[in-house]
Amino acid sequence: MDEQYDVIVLGTGLTECILSGLLSVEGKKVLHMDKNDYYGGASASLNLTQLYRKFRAGMDAPAMLGRDRDYNVDLIPKFAMASGEFTNILYHTDVTRYLEFRQVAGSYVFRDGKIAKVPASTAEALSSSLLGWFEKGRAKSFLEFIQNYDFNNPATQQGLDLNNVPMSAVYKKFGLEAGTQDFVGHALALHLDDSYINQPAKETYERICLYMNSMARYGKSPYIYPMYGLGELPQSFARLSAIYGGTYMLEKKVEEIVYDEAGKFVGVKSDGEVAKGKLVIADPSYFPEKVKKVGQVVRVICFLNHPIPNTGDADSVQIVIPQNQVKRQHDIYVAAVSNAHSVCAQGFYVAIVATIAETSTPEKECDAGIALLGQVIEKFVSVEDLYEPVANGVSDQVFISKSYDATSHFETVCQDVKDIYKRVTGNELKLEGKVQRLEGEQ
């Protein structure tokens, strides 16, 4: 350990492991350390024993739940968009060779007290129970407009330049009701709040296209999920890093971060030795003095012995509850998986309800999501602070990731990966041919 590295990475959360893998592939000498004795950090998957140790100290899991080894319960639920940035990273780094994915069976949205499938095509809009008769026609026209829009062909634009007009103008053009705007903005475009309505419509257009393209790839939903839980993902990127010379050390406590006289990072001290590095990438827990709290996320892990009602007995679903439907400032997300994904025993389902906390009673803020689940046989509640770095890391060469938010997809994680990568290297992240090209050079 007592040597020089290009990059030192602290924490084996997904963000850190992706960056470790990418930088190793580019020929950087990487040392990756974690104070825990397992991979994943905040984004780990736990077996029953670990889960009860974390949430029910001193209690054993009830025998009715089955074998310990059948469980891989995510602490942070996320699905991957089939055509999204995260899937792009998996494909172009060839990490898919370590993983097996299964499609998520359904994508639902909550409106007017009930859930229904998210309509992602003109045919689905016409048959959706979400929409009244006249609204079906308006939604169909809107989705056809999105599908046919060409930035280089004014004839397709119906007088709307999406580079400049706000999304509110697009909604007004097609006369979409507030409830329809909710599912378009939050269940199709997956915006975190309503601020997008007053911003140029191009980003929302691109997000809806991503959803539609992901949907078209497999059919039932736009989402995929790794067998054996999300904890497989950090380990797979760790393998990628190791193949390209990365060094991994678990259960390594950080005794001191070493800086030079100018306050610039020079190394990490552990077990009396100092590993020297040009820069460090870390999760917020390693640098509490360099991050700021920006909120709290509440997650409720629920065990069920039945599928979620009104989902056609789906073995897995995402449900988005748009903020306006429950008079909140943030959406509520429900992500459910089952034994079909090798994350729990036969006959059981794991549903995780998450949102950004807005009150002093965060668990109650998940009630609208929990109410959709039917009978819950076990429940584990976590309330975690959300952190962001206070500086971009360029001056002291300390690059810190953001905490994982309440969304049930990976798009915000990928944005953080790309942002840190650019600050570290000075370049935009280009994935095409990354692994294959470098293998060809060897």
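Quick caveat: nothing in here was measured; it's all calculated off a predicted structure. (Residues numbered from 1 in each chain as written. Predicted model: local features only at pLDDT ≥ 70, side-chain atom pairs only at ≥ 80, totals over all residues. Heavy atoms only, no water.)

## Description of the overall build of the protein
The number of helices and strands found in the protein is 12 helices and 19 strands. Computed over C-alpha atoms, the radius of gyration of the protein comes to 23 Å, within 12% of the 22 Å expected from 2.2 N^0.38 for 442 residues, which places it in the range of a compact globule. Each principal axis of the C-alpha atoms in the protein carries an extent, and together these give about 70 × 60 × 45 Å. Here the protein holds 442 residues, and the buried ones make up 55% of them. Put simply, 71% of the contacts in the protein that link residues at least 6 apart link residues at least 24 apart. Taken as a whole, the protein presents about 18,400 Å² of accessible surface, with 47% of it coming from carbon and sulfur. Across the protein, the centroid of the 45 positively charged side chains sits 3 Å from that of the 56 negatively charged ones. (Helix = DSSP H or I, 4+ residues; strand = E, 2+ residues; numbered from the N terminus. Rg over C-alpha atoms; globule rule 2.2 N^0.38 Å. Buried < 20%, exposed > 50% of the residue type's maximum accessible area, 1.4 Å probe, protein only. Contact = heavy atoms within 4.5 Å. Areas by Shrake-Rupley, 256 points an atom, 1.4 Å probe, with all protein chains shown as cover. Lys, Arg positive; Asp, Glu negative; His and termini not counted. Charge placed at Lys NZ, Arg CZ, Asp CG, Glu CD.)

## A look at helix α11 (residues 411-425)
Across its 15 residues, α11 extends 21 Å between first and last C-alpha, which sits within 8% of the 21 Å expected from 1.5 Å per residue. Within α11, the full set of buried residues consists of Glu411, Val413, Cys414, Asp416, Val417, Ile420, Tyr421, Arg423 and Val424. Just beyond α11, the residue with positive phi is Gly426, at close to 85°. (Expected span 1.5 Å × (residues − 1).)

## A closer look at the sheet that holds strand β18 (residues 378-389)
Pairing is mixed across the open sheet formed by seven strands, whose spatial order is β8-β7-β15-β16-β17-β14-β18. Taken across any chain shown, the strands that pair with only one partner, and hence form the sheet edges, are β8 (114-117) and β18. Shown here is a sheet whose adjacent strand axes are inclined to one another by a mean of 20°, direction ignored. Where strand β7 (residues 106-111) and β8 come together, four bridges link them in antiparallel fashion. Counted as the bridge partner of Arg111 is Lys114 from β8. Set on the sheet, helix α7 (residues 178-188) makes contact with β7 and β15 (317-321); between it and β7 the angle comes to about 140°. (Pairing = 2+ DSSP bridges. Axes fitted to C-alpha atoms, helices over the stretch in contact; angles between N-to-C directions.)

## Examining the side chain of Asp74
One can find Asp74 in strand β4 (residues 73-74). For the buried Asp74, no salt bridge exists, and the shortest N-O distance to an oppositely charged side chain is 10 Å, to Arg299. A distance of 2.7 Å separates the side chain of Asp74 from the side chain of Ser45, its partner in a polar contact. Within the structure, Asp74 has its side chain in polar contact with the side chain of Tyr225 (distance 2.5 Å). Among residues more than four places away in sequence, those in contact with Asp74 are Ala44, Ser45, Tyr225, Gly229, Leu230, Gly231, Ile301 and Ile352. (Salt bridge = Lys/Arg side-chain N within 4 Å of Asp/Glu carboxyl O. Polar contact = N/O pair within 3.5 Å; in protein donor to acceptor, adjacent residues only side chain to side chain.)

## With respect to the packing of helix α5 (residues 133-148) against helix α8 (residues 202-218)
Running from N to C, α5 and α8 point in directions that differ by 95°, and their axes come no closer than 10 Å. Regarding the angle of α5 to α8, the classification is roughly perpendicular. Along its contact with α5, which presents Phe142, Leu143, Ile146 and Gln147, the element α8 presents Tyr205, Ile208, Cys209 and Met212. Of the residues assigned to the contact of α5 with α8, the class counts are seven nonpolar, one polar and no charged. (Parallel < 35°, antiparallel > 145°, perpendicular 65-115°, else oblique. Nonpolar A, V, L, I, M, F, W, Y, C, P; charged D, E, K, R; others polar.)

## What about the layout of surface pockets?
Rolled over the atoms, a probe sized like a water molecule indicates the empty space that remains. Considering only enclosed or pocket space, the largest pocket measures out at about 990 Å³ in volume. Taken together, 38 residues line the largest pocket, and the ones lying closest to its centre are Leu192, Arg207, Asp405, Glu411 and Thr412. Among the elements of the structure, α8, β14 (291-304), β18 and α11 are those that each provide at least two residues to the lining of the largest pocket. Counting residues per element, the lining of the largest pocket draws most heavily on α11, which supplies eight residues. (1 Å grid on protein atoms, 1.4 Å probe; cavity = no way out; pocket = protein on both sides within 12 Å on 5 of 7 lines; lining within 4 Å. Points joined across faces, edges and corners; volume = space filled by probe spheres on them.)

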